[in-house]
Amino acid sequence: MTRGVHWFRSDLRLRDNAAIDALAARCDEVAFAFVLDPRLLAAAPPDAPRVRFLLDGVERLERELARRGHALHVLRGEPVRELDRFLARARPEWLSFARATTPYGASRDARVRARAERAGVRVLAPKDAVVFGADELRTKSGGLYQVFGPYQRAWLARLAEEGLGAPCATRLPRPCAVRDARAGTLAAGLARAERRGGAAASAADERASIPVAGEAAARRRLEAFVERGLLRYATARDLPAVDGTSRLSPHLRFGAVSARDCIRAATDAAACDARLREGAARWVGELCWRDFYAAQLEEHPRIARGSFRADFDALEWDGDDALFARWRDGRTGFPIVDAGMRQLAATGWMHNRVRMIVASFLTKDLGIDWRRGERLFFERLVDGDPASNNGGWQWSASTGTDPQPYFRIFNPTSQGRRFDPDGDYVRRFVPELARLDAREIHAPDADARAACDYPAPCVDHAEARERALARYRRAIGRAPGAGATRAKPARRRAKARR
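Our subject in this report is the structure included herewith. Everything quoted here is computed from the prediction, not taken from an experiment.

1. Some words on the overall build of the protein
Now for step 1: Within the protein one finds 23 helices and 6 strands.
Now for step 2: For the protein, whose C-alpha radius of gyration is 24 Å, the value lies close to the compact-globule estimate of 23 Å for 498 residues.
Now for step 3: In terms of overall dimensions, the protein has C-alpha extents of about 75 × 55 × 50 Å along its principal axes.
Now for step 4: A total of 498 residues make up the protein; the buried ones form 57% of that total.
Now for step 5: Excluding contacts between residues fewer than 6 apart, the proportion of contacts in the protein whose partners are at least 24 apart in sequence is 79%.
Now for step 6: Across the protein, the centroid of the 87 positively charged side chains sits 3 Å from that of the 66 negatively charged ones.

In structure tokens, the structure reads:
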């Protein structure tokens, strides 16, 4: 009998799971493990939406495996040590896990692989989180694409050439019995965490309202989006007041559905109905952005802490904590910005168009370091993904790869009027402004603000814009020629995404 162990991480599903499929092709018996990694859990408050969503997904996976006659062995502790101990008890010939692309994940996986192979266990670590990895799409000179347009063309060409194939049937070998007193259920693992100071839950009324996790919920959301949302996606995706996006980002983040299955569903639907082609193409393009940012972080791990464009490491950021608090709490006096930040606090999610607006406002209007906003988003987002979060923030701050040019600064009032023309989004999340009509809701006058108990704008946008331009020009001046030459490739795309 050939034994295998699969280590679940951000691949909390059984369907179209590349690592499980590879393991099942080689083994007669398998055991499943999940490690509660204190380092990752400590990266956000214990009641953060991302942590709650992850644990809900693990619990639902645990129940689905039990329905199929398998146990999920939940371990708690440093993954290398815990897996080494678990493998010694399971005595498998094979260990599988989905390849990680983040700096921490890649380092951890290399150590796990080394320990396993020293013990005589062969390792399977296929690509799973992305469609194409950083090593699969290279320029003619062998480097990684730094501009999205050429990357997308290469990505789409390879997708057309290779296809995705049909998802493998989820065949689970027989359960592999493992006697391990330290492994247990998720509930037991969390109970141990709380006894060791993992912090207690906050009051329910202080929690963000997050979606249901798990593979079944992800499949339902995907099917509903393809059936009802794909037709209008190309036009509705930029309107935060309507349910015009897939809302699958949390499920993709933790692997309750694969990006491959999302592309299959969209392209199959478009092949059957020509009206869906534009929406399908736009949505597949967003999945391509996800691969692009993952590739950048994998290739350049330094960008997790620093600017992709090294010349902008010299930016002189303001450290105004009072202004940061007003932005964080949705009290800036700019309705579309405040609506976005309140949506984030209430739901653990923010519409992508609004993410760009609030990020531009923090970095350009308030002059506050993008890393502070990135950290807050990572703590509060249910879909907090290291690569996409970093890429989005650096795009908005003009410090990243193929960024929005530094001189293109969102006007929050005009952005609100353009993308929330009736004011419905603002009314939903800034209820004190609900009685204002569409003409005034994005720029209430002093009397309206006083009547609604809504604050005056915390900055003058025109003046803040000039300060931002001067700040970026000073940074560019310290690295002659760098900024001017690197900003050009992004102009056409940035204009299209405004």
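Picking up after the structure, the text goes on.
2. Some thoughts on the packing of helix H4 (residues 79–90) against helix H5 (residues 103–118)
Now for step 1: Contact geometry of H4 with H5 gives a least axis separation of 9 Å together with a crossing angle of 30°. One element, H4, and the other, H5, form an angle in the roughly parallel class. Crossing hand, H4 versus H5: right-handed. Side by side, H4 and H5 meet where Pro 79, Val 80, Leu 83, Asp 84 and Leu 87 of the first sit next to Tyr 104, Arg 108, Arg 111, Val 112, Arg 115 and Ala 116 of the second.
Now for step 2: Here the contact of H4 with H5 is built from residues that sort into 7 nonpolar, no polar and 4 charged.

3. Notes on unusual backbone geometry
Now for step 1: Of note, Arg 91 is a non-glycine position whose phi angle comes to about 50°, a positive value.
Now for step 2: In this structure, Arg 91 sits in the loop between H4 and strand E4 (94–96).
Now for step 3: Among the residues examined, Arg 91 registers a relative accessible area of 59% and is labelled exposed.
Now for step 4: Phi is positive for Ser 398, which is not a glycine, with a value near 65°.
Now for step 5: Mapped onto the secondary structure, Ser 398 falls in the loop between helix H17 (386–397) and helix H18 (412–419).

4. Some remarks on the pairing of strand E1 (residues 3–8)
Walk down a regular strand and you will see the side chains alternate between the two sheet faces.
Now for step 1: Within E1, 6 of the 6 residues are buried, which leaves the element mostly enclosed by the surrounding structure.
Now for step 2: Residue alternation in E1 divides its side chains into two sets, Arg 3, Val 5 and Trp 7 and Gly 4, His 6 and Phe 8, and both sets are buried.
Now for step 3: As paired strands, E1 and strand E2 (residues 29–36) are joined by 6 bridges and run parallel to one another. Each bridged residue has a counterpart across the sheet, and for Val 5 the counterpart in E2 is Ala 31.

5. Examining helix H3 (residues 49–67)
Now for step 1: Compared with the 27 Å implied by 1.5 Å per residue over 19 residues, the 27 Å span of H3 between its first and last C-alpha is a close match.
Now for step 2: Two residues or fewer after H3 comes Gly 69, characterised by a positive phi angle close to 90°.

6. Section: the pattern of salt bridges
Pairing between side chains becomes possible if they bear opposite charge and their charged atoms approach one another.
Now for step 1: Within the structure shown, the criterion is met by 39 salt bridges.
Now for step 2: The salt bridge involving Arg 158 is made with Glu 162; its shortest N-O contact spans 2.8 Å. Here Arg 158 and its partner Glu 162 are both found in helix H6 (residues 148–162), 4 residues apart, which amounts to about one turn of the helix.
Now for step 3: For Glu 162, a relative accessible area of 45% puts it in the partly exposed group.
Now for step 4: One continuous salt-bridge network, built from bridges that share partners, spans Arg 13, Arg 15, Asp 16, Asp 128, Arg 219, Arg 260, Asp 261 and Arg 264.

7. Here's the deal with the state of the cysteines
Now for step 1: In the structure shown here, the tally under the stated rule is 0 disulfides.
Now for step 2: Cys 272 takes part in no disulfide bond, and the closest cysteine sulfur, belonging to Cys 262, lies 17 Å away.
Now for step 3: With relative accessibility at 73%, the residue Cys 272 sits in the exposed group.
Now for step 4: Unpaired in this structure, Cys 452 has its nearest cysteine sulfur neighbour in Cys 458, at a distance of 18 Å.
Now for step 5: Look at Cys 452 and you get buried, because its relative accessible area is 7%.

8. Looking at the pairing of strand E3 (residues 72–76)
Now for step 1: With 5 of 5 residues buried, E3 is to be regarded as a mostly interior element.
Now for step 2: Taking every second residue as pointing to the same face, both faces of E3 are buried, with Leu 72, Val 74 and Arg 76 on one and His 73 and Leu 75 on the other.
Now for step 3: In the sheet, E2 pairs with E3 via 5 bridges, with the strands oriented parallel. By the bridge assignment for E3, Leu 36 is matched with Arg 76.

9. Description of the environment of Phe 225
Now for step 1: Mapping Phe 225 onto the fold places it in helix H8 (residues 215–229).
Now for step 2: Overall, the relative accessible area of 3% leaves Phe 225 in the buried class.
Now for step 3: Taking the C-alpha atoms as reference points, Phe 225 and Ala 265, separated by 40 residues in sequence, lie 9.8 Å from one another.
Now for step 4: Beyond its immediate chain neighbours, meaning those up to four positions away, Phe 225 contacts Leu 230, Tyr 233, Gly 244, Thr 245, Ser 246 and Trp 283.

What counts and how
- Residues numbered from 1 in each chain as written.
- Predicted model: local features only at pLDDT ≥ 70, side-chain atom pairs only at ≥ 80, totals over all residues.
- Heavy atoms only, no water.
- Helix = DSSP H or I, 4+ residues; strand = E, 2+ residues; numbered from the N terminus.
- Rg over C-alpha atoms; globule rule 2.2 N^0.38 Å.
- Buried < 20%, exposed > 50% of the residue type's maximum accessible area, 1.4 Å probe, protein only.
- Contact = heavy atoms within 4.5 Å.
- Lys, Arg positive; Asp, Glu negative; His and termini not counted.
- Charge placed at Lys NZ, Arg CZ, Asp CG, Glu CD.
- Axes fitted to C-alpha atoms, helices over the stretch in contact; angles between N-to-C directions.
- Parallel < 35°, antiparallel > 145°, perpendicular 65-115°, else oblique.
- Left-handed = near helix turned anticlockwise from the far one by under 90°.
- Nonpolar A, V, L, I, M, F, W, Y, C, P; charged D, E, K, R; others polar.
- Pairing = 2+ DSSP bridges.
- Expected span 1.5 Å × (residues − 1).
- Salt bridge = Lys/Arg side-chain N within 4 Å of Asp/Glu carboxyl O.
- Disulfide = S-S within 2.5 Å.

Function cannot be read off these values alone, since they describe shape.
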